[in-house]
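The primary structure of each chain is shown beneath.
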Amino acid sequence: MEQAVKKIQMVDLKTQYNRLKPEIDEAIKAVLDHAIFINGPEVKSFASDLSQYLGAKHVIPCANGTDALQIAMMALDLRPGDEVITADFTYVATAEVIGLLQLTPVLVDVYPGTFDIDVDAIEKAITPRTKAIVPVHLFGQCADMERIMTIAKKHNLHVIEDVAQAIGADYKFKDGRSGKAGTIGTIGCTSFFPSKNLGCYGDGGAIFTNDENLARRIRMIANHGQSVQYVHDEIGCNSRLDSIQAAVLGVKLKYLDAFAKARNRAADLYDKAFSGNKFLRIPERVSYSNHVFHQYTLVLNRIDREQLKIFLEAKGIPAMIYYPIPLHSQKAFSSDRYKPGDFPVTESLCASVISLPMHPELEGSTVALISSAVLEGVEKFKLK
Ligand SMILES: *Cc1c(COP(=O)(O)O)cnc(C)c1O
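Residues numbered from 1 in each chain as written. Predicted model: local features only at pLDDT ≥ 70, side-chain atom pairs only at ≥ 80, totals over all residues. Heavy atoms only, no water.

Nonpolar side chains in soluble globular proteins tend to end up buried together. Within the largest apolar cluster, 89 residues are counted, with the highest numbers of intra-cluster contacts made by Leu50, Phe89 and Phe192. If you count residues domain by domain, this core takes at least three from each of domain 1 (13-253) and domain 2 (256-380). Judged by nonpolar contacts, the second largest core, of 27 residues, contains Ala68, Ala72, Ile160 and Cys189. (Core = buried A, V, L, I, M, F, W, Y, C linked by side-chain atoms within 4.5 Å. Buried < 20%, exposed > 50% of the residue type's maximum accessible area, 1.4 Å probe, protein only. Domains from an automatic or database assignment.)

Structure (structure tokens):
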């Protein structure tokens, strides 16, 4: 009976918890019992498990994904006025920390099919002041890292991967090698916000690198710039993953690949339902990356998006707009650098994307229900 009335959600953390309850409860209880709430054994063992899973030499846990990006940029000794290139179409945090450190965010457009940063646009935006590139693996599929790394090497730039939406995704190089998202650039940064593919039950984040010296520096910055207890070598910050969150993540990491498979099953069903419909564009899949479907995002072609969203909501189907406003149009990023029309792809995506429910607990029958409602709405709300 309960199944029949179960509310459709963008992300269903409650069902996931109920499935993992015995393991999660036990892991949390262990922390309550030993009472080492900060830097407990769970934090070390999760960092080591994640490092093994990713194939990254060093994993430094921190308080959230935004801090991860900020600490990464601090560790690279970027200075006020240095330019950092990133995508105009992303969550605000990516560009926010660039501005917060008084670096200059240089926004560039994205590809219409994958939503990831346009590599030619990166190269065009490079100046003598450019110090770093921050590709975002948006919605769960890697940006074109091999080409980005080639450009970065040529111009001697750091690459900070924003992996908040793509943890576990594999990037495939042309020679057949592959590497996990976040382990290809200089530093990878991720978030464990509850709704992310690997989410905890509060806030959390992590930074990955293969560079020993950078890892030492990152650890120090995340811990008040402290090299030895009560000895502070530089101004840092206080950014920690607590033991309870690490305990939850330690359990969920074991299921990350199975979760990605379940997300792909749902995405394949959505694709099948929508492909060939000329009013809808399904997410493009690329040869150089698999997809872990943090979001399943459609691009609408001449459909009244607001009406469609209201129509779906009336049927009990949530839908979200990630993201409605390009960063360059946000007041916080207003700059003489940009004018309307500079990033036509991002501007058009912001006006036409819609993300559907996507999570590992999504049943095939629910995907079918959502798909037929979307198709019905599309027929109803075509723009003249
Ligand atoms: C979620 C997210 C972040 C920030 O993570 P928090 O843990 O919320 O600080 C950064 N970048 C992207 C692309 C994200 O999706």
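There's more to say after this.
With respect to spatial proximity, 13 residues lie near the ligand, and among them Gly65, Thr66, Asp162, Ser191 and Lys196 are the closest. A distance of 3.5 Å separates an oxygen atom of the ligand from a polar atom in the side chain of asparagine 64. In this structure, glycine 65 approaches the ligand through a main-chain N or O atom, which is 2.8 Å from an oxygen atom. For the shell around the ligand, the secondary-structure elements that each account for two or more residues are helix H4 (65-75) and helix H5 (92-100). Class assignment of the residues belonging to the shell around the ligand gives a composition of four nonpolar, seven polar and two charged. (Near = heavy atom within 4 Å. Polar contact = N/O pair within 3.5 Å; in protein donor to acceptor, adjacent residues only side chain to side chain. Helix = DSSP H or I, 4+ residues; strand = E, 2+ residues; numbered from the N terminus. Nonpolar A, V, L, I, M, F, W, Y, C, P; charged D, E, K, R; others polar.)

Attention shifts here to helix H7 (residues 145-155). Of all the positions in H7, only Met145, Ile148, Met149, Ile151 and Ala152 are classed as buried. Each buried residue of H7 sits inside an arc of 165° when the element is viewed along its axis, so together they form one side. With respect to the buried face of H7, the exposed residues turned more than 90 degrees away are Thr150, Lys153 and Lys154. The elements touched by buried residues of H7 are helix H6 (119-125), strand E4 (130-134), strand E5 (158-162) and strand E6 (170-172). Where H7 terminates, the next one or two residues include asparagine 156, which has phi positive at roughly 60°. (Arc of directions from axis to C-beta. Contact = heavy atoms within 4.5 Å.)

With that settled, the discussion passes to the packing of helix H2 (residues 13-34) against helix H9 (residues 243-253). When two helices pack together, their arrangement is captured by the angle between the axes and the distance separating the axes. At a minimum axis separation of 9 Å, H2 and H9 run at an interaxial angle of 140°. By the angle class used here, H2 and H9 are oblique. Considering only the axes of H2 and H9, their crossing is right-handed. From H2, Gln16, Leu20, Glu23, Ile24, Ala27, Ile28, Val31 and Leu32 reach across to H9, where they touch Ser243, Ile244, Ala247, Val248, Val251 and Lys252. Here the contact of H2 with H9 is composed, by residue class, of 10 nonpolar, two polar and two charged. (Axes fitted to C-alpha atoms, helices over the stretch in contact; angles between N-to-C directions. Parallel < 35°, antiparallel > 145°, perpendicular 65-115°, else oblique. Left-handed = near helix turned anticlockwise from the far one by under 90°.)

On to the domain arrangement of the protein, then. Per the domain assignment, the segments making up the protein are domain 1 (13-253) and domain 2 (256-380). Taken together, the 48 residues of domain 1 in the interface contact 38 residues of domain 2. Of the roughly 3,700 Å² buried where domain 1 meets domain 2, counting both sides, 57% is carbon and sulfur surface. Our count for the domain 1 to domain 2 interface comes out at one salt bridge. One salt bridge in this structure joins arginine 337 and glutamate 83, with 3.1 Å as the shortest N-O distance. Those elements that provide at least two residues to the side of domain 1 that touches domain 2 are H2, strand E2 (83-87), H5, strand E3 (104-108), E6 and H9. Here the side of domain 1 that touches domain 2 gets five residues from one element, more than from any other, and that element is E3. Here the side of domain 1 that touches domain 2 is built from residues that sort into 25 nonpolar, 12 polar and 11 charged. (Buried area = accessible area lost by both parts, 1.4 Å probe. Salt bridge = Lys/Arg side-chain N within 4 Å of Asp/Glu carboxyl O.)

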